[in-house]
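Observations on chain architecture
Listed here are the chains, written in short residue letters.
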Amino acid sequence: VNTFLINSAGSRGKYMLGCHYVKLTRKFRALVQSPFKTKRVHLGYYFKELDAHLAWKAGKNEIAIQLAYSEYVTDDRVRSSLLTRYSPESDWTEA
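Here the structure is a predicted model, which is why all the values come from computation and not from measurement.

The next subject is a nonpolar patch on the surface. A contiguous nonpolar patch, built from M16, L50 and L54 and spanning about 250 Å² of accessible area, is present on the exposed surface. For L50, a relative accessible area of 45% translates into the label partly exposed.

Structure representation (structure tokens):
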């Protein structure tokens, strides 16, 4: 659960959360960390940085929902926090 919550703000570089620029493809790649897998999940390549970031945000929300209702979360307070923090309506990407 903890690796899912880390936003890596200090080490992410100059691009928006969840994406980086790939010179070879000349596109932005979106990746999300999943607590269910050992490697990050590839979400696609995008021409615009904002599109890659939004794909990451949607992927993060989807995984938060899966995590909230998984066997790893047994405390209702944690479940509620995951669902609230990563909801599409909240602006949690700046934190």
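There's plenty left to go through after this.
The subject of this paragraph is unusual backbone geometry. Only a minority of non-glycine residues have a phi that is not negative, and only a minority of peptide bonds are not trans. One non-glycine residue, R26, lies in positive phi territory at about 55 degrees. Within the secondary structure layout, R26 lies in the loop between β1 (19–22) and β2 (27–32).

Along the chain, S34 turns up in the loop between β2 and β3 (41–46). Looking at S34, its side chain comes within polar contact range of the main-chain nitrogen of F36, at 3.2 Å. Discounting chain neighbours no more than four positions away, the residues touching S34 are V41 and I63.

Here is what the cut-offs are and how they apply
Residues numbered from 1 in each chain as written. Predicted model: local features only at pLDDT ≥ 70, side-chain atom pairs only at ≥ 80, totals over all residues. Heavy atoms only, no water. Patch = residues over 30% accessible without salt bridge, like charges linked within 9 Å, V, L, I, M, F, W, Y side chains within 5 Å. Areas by Shrake-Rupley, 256 points an atom, 1.4 Å probe, with all protein chains shown as cover. Salt bridge = Lys/Arg side-chain N within 4 Å of Asp/Glu carboxyl O. Buried < 20%, exposed > 50% of the residue type's maximum accessible area, 1.4 Å probe, protein only. Helix = DSSP H or I, 4+ residues; strand = E, 2+ residues; numbered from the N terminus. Polar contact = N/O pair within 3.5 Å; in protein donor to acceptor, adjacent residues only side chain to side chain. Contact = heavy atoms within 4.5 Å.

Keep in mind that these numbers describe shape and distance, not what the molecule does.
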